[in-house]
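# Summary of structural features
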Amino acid sequence: MTVFTAVRRAFGWARTGKDGGAWLVATAACASLALVSVPKDAAAEWQPKRPIEFVIMAGTGGGADQIARLFQSIIEKEGFSRVPVIPINKPGGSGAEALRYLQDEAGNEHVMMITLNSLFTTPQLNPNLGVDIETYTPIARMALDTFQLWVHSNSNIESLDDYIAAVKEADGSWKMGGTGKGQEDSLVTAMLEQKFGLKMTYIPFPGGGTVAKNLVGQHIDSTVNNPAEQIAFYEAGRTRPLMTMTPERLDMLPDVPTSAELGHPDLVYYMQRSIVAAPEISKEAQQWYTQLMRKVYESDRWKEYTASEGLFREWLEGEELAAYFAEEVKKHKKLLASTGEM
């Protein structure tokens with residue numbers, strides 16, 4: 001019940017009829033009551049005053065790009081923001097372009113960014129970039145994405161053992177497609193090389209969508225795409241997943257064995273899908289963005305997307321998210337060193 005309705009009922013007045021004067025009195029009483037009853041902090045709640053830039057630290061068509069544009073659609077359709085959210089791709093330098101941009105926007109309360117694990121790796125690989133992700137404002141972790149090993153369906157490769165044998169036979173000429181150096185795909189590729197004694201030629205592309213298309217076009221021999229980037233081609237019978245790098249099988253790929261099932265439980269790797277804002281924004285703005293993304297997180301469309309695209313919904317915010325980021329930086333530093341990326 002609104003304040004206005006409560007006042008009307010209390011006075012027993014209707015809008016029409018001979019008591020029009022009473023209606024005006026009720027309206028005035030309602031306005032006075034509303035002013036008294038609204039908490040001061042609610043009246044002063046932060047709201048964006050202009051369109052919000054939604055930076056994507058990857059190219060078009062990949063998982064991060066798909067998710068960012070889904071979020072934009074949910075926010076717009078559900079009316080979660082009174083100003084538009086505008087996705088902007090900044091894929092240069094394995095996310096370095098986006099990271100530097102956000103760093104330079106310190107204090108700008110009208111920009112947020114969807115992250116990949118290159119949030120942790122790119123600053124370590126490029127210390128002269130001058131980026132400190134600890135200064136970014138943590139908003140929300142929305143999910144953990146997964147990786148699978150993919151080949152073209154025209155190949156004779158039906159299993160992980162077939163794959164290992166084929167790569168070894170290629171003797172260094174095997175072309176593994178992925179995103180930029182030090183990004184998730186290159187790390188997973190290095191993990192596979194290290195684990196099975198393989199040598200591959202790594203071909204970087206600006207985004208996971210482009211990687212997937214190049215596998216379909218048989219310009220590369222394999223990829224480690226996320227499900228969302230390959231699922232349409234898989235359903236069309238054009239690509240084949242050999243292994244999912246998760247502890248348990250995915251509902252969307254029930255026939256694909258896990259790395260653990262194949263005897264390699266250490267071959268597990270996740271891509272976090274998180275939102276951060278610029279450094280030095282107000283607590284009120286941070287709270288607004290966190291509440292915005294919480295609404296998206298609880299939306300039916302996000303639940304449906306994560307279920308259909310093989311993501312695990314895993315919410316974190318605030319200090320817990322900042323602590324998670326710090327731990328992932330440490331983990332990726334060790335991973336970069338162990339795989340020879342640093």
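Our subject is the structure listed above.
Everything in this summary refers to the structure shown in the same document. (Residues numbered from 1 in each chain as written. Predicted model: local features only at pLDDT ≥ 70, side-chain atom pairs only at ≥ 80, totals over all residues. Heavy atoms only, no water.)

### Regarding the overall build of the protein
Counting its regular elements, the protein contains 13 helices and 10 strands. A separation threshold of at least 6 residues defines the contact pool for the protein, and within that pool the share at least 24 residues apart is 76%. Summing over all exposed atoms, the protein offers an accessible surface of approximately 15800 Å²; the carbon and sulfur share of this is 51%. (Helix = DSSP H or I, 4+ residues; strand = E, 2+ residues; numbered from the N terminus. Contact = heavy atoms within 4.5 Å. Areas by Shrake-Rupley, 256 points an atom, 1.4 Å probe, with all protein chains shown as cover.)

### Notes on the nonpolar core
Membership of the largest hydrophobic core comes to 84 residues, with the highest contact counts inside it found for F71, M142, Y163, L192, M293 and W302. In contact with M293, other than residues within four places in its own chain, are F71, M112, I139, A140, M142, I275 and W315. (Core = buried A, V, L, I, M, F, W, Y, C linked by side-chain atoms within 4.5 Å. Buried < 20%, exposed > 50% of the residue type's maximum accessible area, 1.4 Å probe, protein only.)

### Topic: the packing of helix 8 (residues 184-196) against helix 13 (residues 318-338)
With their axes 10 Å apart at the nearest point, helix 8 and helix 13 run at an angle of 50° to one another. With respect to each other, helix 8 and helix 13 are oriented oblique. The interaxial crossing formed by helix 8 with helix 13 has left-handed handedness. Where helix 8 approaches helix 13, its residues L187, M191 and Q194 are matched on the opposing element by H332, L335, L336 and S338. (Axes fitted to C-alpha atoms, helices over the stretch in contact; angles between N-to-C directions. Parallel < 35°, antiparallel > 145°, perpendicular 65-115°, else oblique. Left-handed = near helix turned anticlockwise from the far one by under 90°.)

### Here's the deal with the packing of aromatic side chains
Applying the stated criterion across every chain, the model contains 12 aromatic pairs. With a centroid separation of 5.6 Å and 70° between ring planes, the pair formed by W46 and W288 is classed as edge-to-face. Linking W46 in the loop between helix 3 (40-43) and strand 1 (52-56) with W288 in helix 11 (residues 283-297), this pair joins segments that are 242 residues apart in sequence. The residues W46 and W288 share a single accessibility class, namely buried. Pairing W46 with Y289 gives two aromatic rings, centres 5.8 Å apart and planes at 40°, and the pair type is tilted. With W46 in the loop between helix 3 and strand 1 and Y289 in helix 11, this residue pair connects regions lying 243 residues apart in the sequence. Under the relative-accessibility criterion, Y289 is labelled buried at 0%. (Phe/Tyr/Trp six-rings, centres within 6.5 Å; stacked < 30°, edge-to-face > 60°.)

### Quick notes on the pattern of salt bridges
Overall, the coordinates contain 12 salt bridges when judged by the stated rule. Residue E158 is joined to R240 by a salt bridge in which the shortest nitrogen-to-oxygen separation is 3.7 Å. Taken as a pair, E158 in the loop between strand 5 (148-152) and helix 7 (160-170) and R240 in strand 9 (residues 239-244) lie far apart in primary sequence, 82 residues in all. The class of E158 is exposed, set by a relative accessible area of 54%. When salt bridges that share partners are traced, they join R294, E298, K303 and R313 into one network. (Salt bridge = Lys/Arg side-chain N within 4 Å of Asp/Glu carboxyl O.)

### As for the sheet that holds strand 1
One open sheet holds the five strands; their spatial order is 2-1-3-10-4, and the pairing between them is mixed. Here the strands that pair on one side only, and so sit at the sheet edges, are strand 2 (85-89) and strand 4 (137-145). Within this sheet the neighbouring strands show an average axis-to-axis angle of 20°, counted without direction. When strand 4 meets strand 10 (residues 271-277), the two strands line up antiparallel, connected through seven bridges. Its bridge partner being in strand 10, R141 is matched across the sheet by S274. Running at roughly 20° to strand 4, helix 11 makes contact with strand 1, strand 3 (111-114), strand 4 and strand 10 of the sheet. (Pairing = 2+ DSSP bridges.)

### Things to note about unusual backbone geometry
Residues other than glycine seldom take positive phi values, yet D171 does so here, at roughly 55°. Note that D171 resides in the loop between helix 7 and strand 6 (175-178). Within the chain, E280 stands out as a residue other than glycine whose phi angle is a positive 65°. Positionally, E280 belongs in the loop between strand 10 and helix 11.

### Digging into the sheet that holds strand 8 (residues 222-223)
If you walk across this open sheet you meet the five strands as 7-6-8-5-9, and the pairing is mixed. Unpaired on one side and paired on the other, strand 7 (201-204) and strand 9 mark the two borders of the sheet. Relative to strand 8, strand 5 runs antiparallel, the two sharing two bridges. Looking at the pairing, V151 lines up with S222 of strand 8. Each of strand 5, strand 6, strand 8 and strand 9 touches helix 9 (residues 208-216); the most contacted strand, strand 5, lies at about 35° to it.

### A few points about the environment of V85
Of note, V85 is situated in strand 2. Spatially, the C-alpha atom of V85 lies 9.3 Å from that of H110, the residues being 25 residues apart in sequence. Excluding its chain neighbours within four sequence positions, the residues that come into contact with V85 are I52, F54, Q72, I75 and M112.

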